[in-house]
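Next come the chains, spelled out residue by residue.
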2 protein chains.
Amino acid sequence: MEKPLILIVNDDAYEAKGLYALVEAAKDFGEVVVVVPDSSRSGMAHAITMNEPLRIQLYREEDGIKYYRTNGTPVDCVKLGQKVVLRDRKIDLVLSGINHGSNSSISLIYSGTMAAAIEASLENVKGVGFSLLDYSSDADFTASIHYAKKLIPQILKTEFPPQVSLNINIPKLPLEEIKGIKIVRQTKGYWNEDLEKRVDCFGRDYYWLSGYLVDQDPHTDTCQWALNNGYVSIQPVQVDMTAYHFINDLKFMEE
Amino acid sequence: MEKPLILIVNDDAYEAKGLYALVEAAKDFGEVVVVVPDSSRSGMAHAITMNEPLRIQLYREEDGIKYYRTNGTPVDCVKLGQKVVLRDRKIDLVLSGINHGSNSSISLIYSGTMAAAIEASLENVKGVGFSLLDYSSDADFTASIHYAKKLIPQILKTEFPPQVSLNINIPKLPLEEIKGIKIVRQTKGYWNEDLEKRVDCFGRDYYWLSGYLVDQDPHTDTCQWALNNGYVSIQPVQVDMTAYHFINDLKFMEE
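Residues numbered from 1 in each chain as written. Chains lettered and ligands numbered in written order. Predicted model: local features only at pLDDT ≥ 70, side-chain atom pairs only at ≥ 80, totals over all residues. Heavy atoms only, no water.

Looking only at helices and strands, chain A has six helices and 11 strands in total. Taking 18 Å as the expected radius of gyration for a compact globule of 255 residues, we find that chain A reaches 19 Å, a close match to that expectation. Seen through its principal axes, chain A has C-alpha atoms that stretch 55 × 50 × 50 Å. In chain A, which comprises 255 residues, the proportion classed as buried is 61%. In chain A, 76% of the contacts between residues at least 6 apart in sequence involve partners at least 24 apart. Carbon and sulfur atoms form 47% of the exposed surface of chain A, whose accessible area is close to 10,500 Å². (Helix = DSSP H or I, 4+ residues; strand = E, 2+ residues; numbered from the N terminus. Rg over C-alpha atoms; globule rule 2.2 N^0.38 Å. Buried < 20%, exposed > 50% of the residue type's maximum accessible area, 1.4 Å probe, protein only. Contact = heavy atoms within 4.5 Å. Areas by Shrake-Rupley, 256 points an atom, 1.4 Å probe, with all protein chains shown as cover.)

So this is what it looks like as structure tokens:
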């Protein structure tokens, strides 16, 4: 039997420690190919590159794994990986990450990491995003690698429904303090943002975006609860964003 | 009573014909302020600017309406509009568009126009995206303006559930050929993409992203059906992307 074909992408670009952690976790389970952005694309969400040409180059080859980088977004990495690098070969799994920072709760819709996993699901390939709750560029991925190694073979064996992907978050804890895994729903919340005003050397104003996640969901079946209580969270993700509960209230607009 | 405060944003930038169409449709219903990108941000989805400073400047003032432009994304426009331009004033409605091109079906998750409307809903403000099914920069917005003028006062009077926004698409038809309005759910579909390979003047390869929408949903309650049959479509949008139907099948991973 042929080994599974695994495409690894991310949004933290080609030098991220989390990328090499994910390669380490995945390499024994299949043939791995890497396609990642040439600079950080955090917060890029599901952006695609429509206004400029895409370029891609092989930048590294090690242990039989080819690493490509591109000027595109995380979603472009999935498209380039399939259409340009792997052509007509059937990809078995797209892994995205391991992201430096949480993609729990509403962070999901800002996340380039998860957008790449979702994009895979739209192209009929299993897509899984891994995120560690540590923004540091030198974050410790020991526990993340442990759980990725446990989950990747299970994921390869599990049939996914159409257009469904997984959002996996790992708490910032030593391996021995992680209590286990919880299958969860998305926590209701929002980002409370500030735009900090500064003045540049030429006297012109500019603003930096900053903020913090506000958790509005006290229930115990959510990603935020799981992470706050020392569990790895796995949220299955789908792409129908219809607010079905509001359809009837809008029917009067049809008149 | 004070006039409603309406923030208008878009993803087609400050010179787009669709922007001025939306101002035309909205200006009689409230106090209008415009904050838009300084260059086209189509396909930017829910991207935010994390790696560079944001700038914003007043570029036009006409009929009592102030127009600002920024180097940010459509989602940044909502944040800048609220936090920098309007400070602590309560915005009653964020209108996004009118987009040059469809945001029906799965295009929703790539759309900067709709991301801005969704962002408003996350900030507890009504958010509505308008899109015309015509990519041309010189598209005819007559019918779009007619329907926006009909819908904006209704929207101002309607209470929205938390974190819900509207995705309104208008078919590319003369006003008299549009049959009415349908409240719809999101059509199941995906983009079938090509990456067209070209060679630049220096002999280097590059790729342009192109593609077409594949409609996988034959039902009559969808946006795609409504648009194909001459109706304006209104899809209520929410942000919980959990695939609830897959949660039980994943429970074995908790072991």
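Take the interface of chain B and chain A next. Contacts between the two partners involve 81 residues from chain B, matched on the other side by 81 residues from chain A. Together, the buried faces of chain B and chain A total about 7,200 Å²; carbon and sulfur atoms form 64% of this surface. By the criterion of area lost to chain A, the three top residues of chain B are I183(B), M241(B) and M253(B), representing 11% of everything that side buries. Counting the contacts that link chain B with chain A gives four salt bridges. Applying the counting rule to chain B against chain A returns 34 residue pairs in polar contact (both at pLDDT 80 or more). No other element matches helix α2 (residues 74-85) of chain B, which puts six residues into the side of chain B that touches chain A. (Buried area = accessible area lost by both parts, 1.4 Å probe. Salt bridge = Lys/Arg side-chain N within 4 Å of Asp/Glu carboxyl O. Polar contact = N/O pair within 3.5 Å; in protein donor to acceptor, adjacent residues only side chain to side chain.)

With an axial shift of 0.0 Å and an RMSD of 0.0 Å, the rotation relating chain B to chain A amounts to 180°. Classification of the inter-copy transformation places it as that of a two-fold axis. A symmetric contact is evident, with 100% of the interface residues of chain B recurring at the interface of chain A. (Least-squares fit on C-alpha atoms with pLDDT ≥ 70 in both.)

We now examine the confidence of the model for chain A. Looking at chain A as a whole, the pLDDT averages 95, with 100% of positions reaching at least 70. Interface scoring of the predicted complex returns ipTM 0.94; its pTM is 0.95. (pLDDT = per-residue confidence, 0-100.)

All right, on to the nonpolar core then. Here is a general trend for soluble globular proteins: nonpolar side chains tend to be buried in one another's company. Ranked by size, the top nonpolar core spans 55 residues in total, and within it I109(A), I118(A), V94(B), I109(B) and I118(B) carry the most contacts. Elements with a minimum of two residues in this core: α2 (74-85), α3 (112-122) and β10 (205-215) of chain A together with β1 (5-9), β2 (31-37), α2, α3 (112-122) and β10 (205-215) of chain B. Of the residues forming this core, the biggest block, seven residues, is contributed by α3(B). Sequence-distant contacts of I109(A), that is, excluding residues within four places in its chain, are made with A45(A), H46(B), I118(B), L122(B), V239(B) and M241(B). (Core = buried A, V, L, I, M, F, W, Y, C linked by side-chain atoms within 4.5 Å.)

Take helix α4 (residues 142-157) of chain B next. Residues and elements named next belong to chain B. The end-to-end C-alpha distance of α4 is 24 Å, a good match for the 22 Å that 16 residues give at a rise of 1.5 Å each. Taking the largest bend as the criterion, α4 deviates by roughly 25°, centred on L151, and proline P153 comes between one and four positions later. Contacts made by the buried residues of α4 are with α1 (17-26), β5 (93-100), β6 (126-132), β7 (165-170), β8 (180-183) and β11 (231-237). (Expected span 1.5 Å × (residues − 1). Bend = angle between axes of the 7 residues up to and from the residue.)

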